[in-house]
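# Residue-level structure breakdown
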Amino acid sequence: FIKGGAYTNWTLLWLNTLDSTATLYPAIAQYSGVFTEDSFRVPQELYIPAPLAYDTFARANGALGNSETTGPDGQTVGALAWTGSTYTISTNAAINTPNLGSNVVVNGAFTTDANWTKGAGWTIDTANSNVAEAAAASSDLTAEVAPLTTGTWYQTAFTITSFTGGTARIKLGTTSLPTHGSAATFTETGRATSTALAITAAAATLNVDNFSAQPLTLSELIASVNPASTADIHARVAITLDGALLGKQAGLVLNLDSAASPANFIIAYLDGYGNAKLDECVAGSYTNKISAAVTYGAGAYLYVIRRGTSCSLFYNNAQVGTVQTMTANTNKLFGLFCTSSLCSLDAYELWPEGGDGEHAALNGF
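Here's what I pulled together on the structure shown here. Everything numeric in this text was worked out from a predicted model, so none of it was measured.

A few words on the packing of aromatic side chains. This structure, assessed with the given rule, holds 14 aromatic pairs. Measuring from ring centre to ring centre gives 5.5 Å for Trp82 and Tyr348, while their planes differ by 65°; the resulting arrangement is edge-to-face. Of the two residues, Trp82 sits in the loop between β4 (62-63) and β5 (87-89) while Tyr348 sits in strand β25 (residues 344-352), which places them 266 residues apart along the sequence. Relative accessible area serves as the criterion here: at 0%, Tyr348 is assigned to the buried category. Here the aromatic residues Trp153, Phe265, Tyr269, Tyr286 and Phe337 are joined through ring pairs into a cluster of three or more. Geometry around Tyr286 places Arg191 over its ring, the cationic atom sitting 4.1 Å from the centre. The residue whose ring lies beneath Arg236 is Tyr301, and the NZ or CZ to ring-centre distance is 4.2 Å.

Structure representation (C-alpha cells):
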C-alpha cells in the first residue's frame, strides 16, 4: 500500500501470493532513484483487506452459482451471483462451453471449384478428393464473398489432409491464427478484425478440407459478478489453457457495462499462441492496447490493475507492455472471459484499489 503525493488515500499497489511458512522480513528497496527513509515501523495490528469477490470454484460440479463468502485469509466476503449461462464448474475450476452459431463458410468442403479466390499455387481439386491444394504456395485462398462480421468471435476448424512442407493458417480479417505444418484437424478461436476470411500459406505443399467458421455469442464468453462499489480494482485469475496451446483464449473482463448486451469493457487474456493481450471495447468497437509474447505456465496468474484511466497488465508476476491509457469507464461488472471449454480458470480475486477510501483503516496504524 502507499499513501502520499498523488495517492490521496491508502492505495493497493500489488498483490503477491508467496504461500510460504518462512519468516518474512520488512525491507526497503529502491529502483532507479534516490530517496531518504525515516520512522520505519511495523504495526502490531496487521491489516488484511477483504476482496470484493473471491472464488476458487471448490464446490460441486455444475453451475457457477455464487462466489465464495470467505476470502483467502479468512476475510468475510459478500456472496455474489455469477452470470454466464454457459459457464460451469468442473474439477474445482471454471470452464466455458459457448454455443456455436451456423457455419458462415461457403463451400468449405470444396465440392465445387467456386466461391474462392485462389492465390498463386492454390487449386481446388473436385475430380478426385474435393480438397483445396497448395503447391509451393505462399499466397492466400480467400473467400470471394467476405462472410465474417467485424468484432465477432469465431470458432474455426480446418483439416490438413495431406502434408509435404510449409505452413498454413487461418486469417479472420487481419487476425492470424496459429500456423500449422502437419496433417491434422485444427480447431481455434479468434476475433475478426474485418469481414475477410482466408487461409494463408507459406511455402506450403499440402491439402485442406472441411473449413468452417462458426460465430460465438459475446455474452456467452463472459461470466461476471457485480460488487457495485468501485471501478478501480486489482483483478487476477489463474489460467490453464488447452494443452496444445492452439488458439483458445482465456482471461479477465473488467469494467463491463452489461452482462446480457456487452458493448463497453476491457478484456485481458492469453491468446493461446504465446501472447498476453489487453483489449478495450468501446461501443462495440475493439482496440488492442497490449499484445506481447509471454512464457506460458499452467495455472500462472494473469493480473490487471485498473486505476482511473490507466490500466496495467501482468503475467506470472512480470509486467506485460506498459501502462495504457483507457477510455473513461466506471462500469462495475467484473469477471471471467473464455472462448473454449478446453481452457480453465481458477482462483479468481477482485480487490479494491483504494482510491475511494476502501483502505482507510490504515490511517489508524
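Read on, since the account is not over.
With that settled, the discussion passes to the pattern of salt bridges. In total, this model carries eight salt bridges according to the counting rule given. Here Asp242 ties to Lys248 by a salt bridge, and the two come within 3.0 Å at their closest N and O atoms. The burial state of Asp242 is the same as that of Lys248; both residues are buried.

The next point concerns the pairing of strand β13 (residues 185-191). Of all seven residues in β13, five are buried; the element is thus mostly enclosed. For strand β11 (residues 153-172) and β13, the ladder comprises seven bridges, and the chain directions are antiparallel. In the sheet register, Gln155 faces β13, and the bridge partner there is Thr189.

For the rest of this paragraph, the subject is the sheet that holds strand β15 (residues 222-225). Taken in spatial order, the six strands of this open sheet run β15-β24-β17-β18-β19-β20, and their pairing is antiparallel. The sheet is open, and its two borders are formed by β15 and β20 (285-293), each paired with just one other strand. Going from strand to strand, the sheet's axes swing by 20° on average, the running direction of each strand aside. Pairing geometry for strand β18 (residues 265-270) and strand β19 (residues 275-282), over six bridges, is antiparallel. For Ile267, the partnering residue across the bridge sits in β19 and is Asp279.

The rules we used
- Residues numbered from 1 in each chain as written.
- Predicted model: local features only at pLDDT ≥ 70, side-chain atom pairs only at ≥ 80, totals over all residues.
- Heavy atoms only, no water.
- Phe/Tyr/Trp six-rings, centres within 6.5 Å; stacked < 30°, edge-to-face > 60°.
- Helix = DSSP H or I, 4+ residues; strand = E, 2+ residues; numbered from the N terminus.
- Buried < 20%, exposed > 50% of the residue type's maximum accessible area, 1.4 Å probe, protein only.
- Lys NZ or Arg CZ within 6 Å of the ring centre and 35° of its normal.
- Salt bridge = Lys/Arg side-chain N within 4 Å of Asp/Glu carboxyl O.
- Pairing = 2+ DSSP bridges.
- Axes fitted to C-alpha atoms, helices over the stretch in contact; angles between N-to-C directions.

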